[in-house]
Amino acid sequence: MKKTGIQWMVAAALGLGLTARAEPVPFDPEEVGESVAVMCADALGMLGKEKIHSQFDMLRQLKDFGVSYQPDLVVPLDLASRLDEEGKRRFAGMKLFDAIYAATFMKRKELADCLDTIEAVETALDLRSHADLSGSFFKTFKKAAAEPESIDIQVLLDQLANDYVHEVPAMLSSEATANYLIEGLYGFTLQMSSVLEYFSRPAHNELLRNRIRKHTDTNWLYAMLDIFDSFNRSKKDVREVAEAEERLAVIRKMVSAIEADRAGELTPEEGDRLWADISIKINTIRASFLTPR
């Protein structure tokens, strides 16, 4: 049977030694195309345990600096049934961040609600008919939701990162699950950016704002740009590519702002104006994702 583009991506990654779950499969550039191969290598390379852990563990670190749990910042639970398939994929990524947020602050009910919502989306998208997903990630999460008082947060986040990384090859084994993974990553990053931007506003403690900007992982943002650039190059629909580029523009602007700030190239007033503009763009995209079409 002829392989799909995503299956050839996984074959290429296996051949490069990025995962040891199966015997390497010969990689034919004429079949897969360079951009698709790059996308797969980028995805598996970016989603290593250390990089995933840095994102999952970020709120735990910032909690020590004064970040609190703000229920108004999370995405509403009751949107999935009103979103199209593309919206559901992004929504699930947003709720994954919300689940990490709830777990970090030992919010048992909020965590359980997030997990139920994500599972409902995955069921609606029928993901298990497209890939052999282990479910270990959710098992770890559900144990934390059931027994939050017995959980060491740092150990939990480390285990979740490990579980997530081990699920990635399976997620990349079909078009449906790969799209879910990629769009979910963007939703996760967008929701993360929205929450961290809130705590970086001038109304909050200046020390907290500085620490958030210092701890924002630009390596993650660059990796997101690389993956989506590769993903977009594999698409044929010009409209979809243009829409994706518009979405990526805010991440590029975030990277530029963080690097300029760290290099001392911005006055505090310039930085505040720049981040105010970024905030508007983040919230505009976020609102458009959560609006039923």
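One can find the structure itself at the top, above this paragraph.
Notes on the structure follow. (Residues numbered from 1 in each chain as written. Predicted model: local features only at pLDDT ≥ 70, side-chain atom pairs only at ≥ 80, totals over all residues. Heavy atoms only, no water.)

Here we look at the overall build of the protein
Across its full length, the protein carries 14 helices and zero strands. For the protein, the succession of helices and strands along the chain, N to C, is α-α-α-α-α-α-α-α-α-α-α-α-α-α. Going through the 293 residues of the protein one by one, you find that 51% of them count as buried. Of the accessible surface of the protein, which amounts to about 13800 Å², a share of 52% is contributed by carbon and sulfur atoms. (Helix = DSSP H or I, 4+ residues; strand = E, 2+ residues; numbered from the N terminus. Buried < 20%, exposed > 50% of the residue type's maximum accessible area, 1.4 Å probe, protein only. Areas by Shrake-Rupley, 256 points an atom, 1.4 Å probe, with all protein chains shown as cover.)

As for unusual backbone geometry
If you check the backbone angles, Met-106 has positive phi at about 55° while not being a glycine. Counting through the fold element by element, Met-106 comes out in the loop between helix H6 (85–104) and helix H7 (108–124). Of the residues examined, Met-106 reaches a relative accessible area of 36% and is grouped as partly exposed. Even without glycine at this site, Asp-126 takes up a positive phi of about 55°. Tracing the backbone shows Asp-126 in the loop between H7 and helix H8 (136–146). Note on Asp-126: relative accessible area 44%, which makes it partly exposed.

As for the nonpolar core
Counting 83 residues, the largest nonpolar core has Phe-56, Tyr-101, Leu-111, Phe-141, Tyr-164 and Tyr-186 as its most contacted members. For this core, the element with the highest residue contribution is helix H10 (residues 175–199), accounting for 12 residues. (Core = buried A, V, L, I, M, F, W, Y, C linked by side-chain atoms within 4.5 Å.)

Observations concerning the packing of aromatic side chains
Across all of its chains, the model carries 14 aromatic pairs by this definition. When the ring of Phe-137 is compared with that of Phe-138, the centres are 6.1 Å apart and the planes differ by 80°; the resulting orientation is edge-to-face. Judged on exposure class, the residue Phe-137 and its partner Phe-138 are both buried. Site record: aromatic cluster; members linked through ring pairs are Phe-56, Tyr-69, Phe-97, Tyr-101, Phe-105, Phe-137, Phe-138, Phe-141, Tyr-164, Phe-188 and Trp-220. In this arrangement the basic side chain of Arg-90 is found over the ring face of Phe-289, its NZ or CZ atom lying 4.3 Å from the centre. Over the aromatic face of Tyr-186 sits the side chain of Arg-247, whose NZ or CZ is 4.9 Å from the ring centroid. (Phe/Tyr/Trp six-rings, centres within 6.5 Å; stacked < 30°, edge-to-face > 60°. Lys NZ or Arg CZ within 6 Å of the ring centre and 35° of its normal.)

So, the side chain of Thr-140
With respect to the helices and strands, Thr-140 occurs in helix H8. Apart from the residues within four sequence positions on either side, Thr-140 is in contact with Leu-156, Gln-159, Leu-160 and Asp-163. (Contact = heavy atoms within 4.5 Å.)

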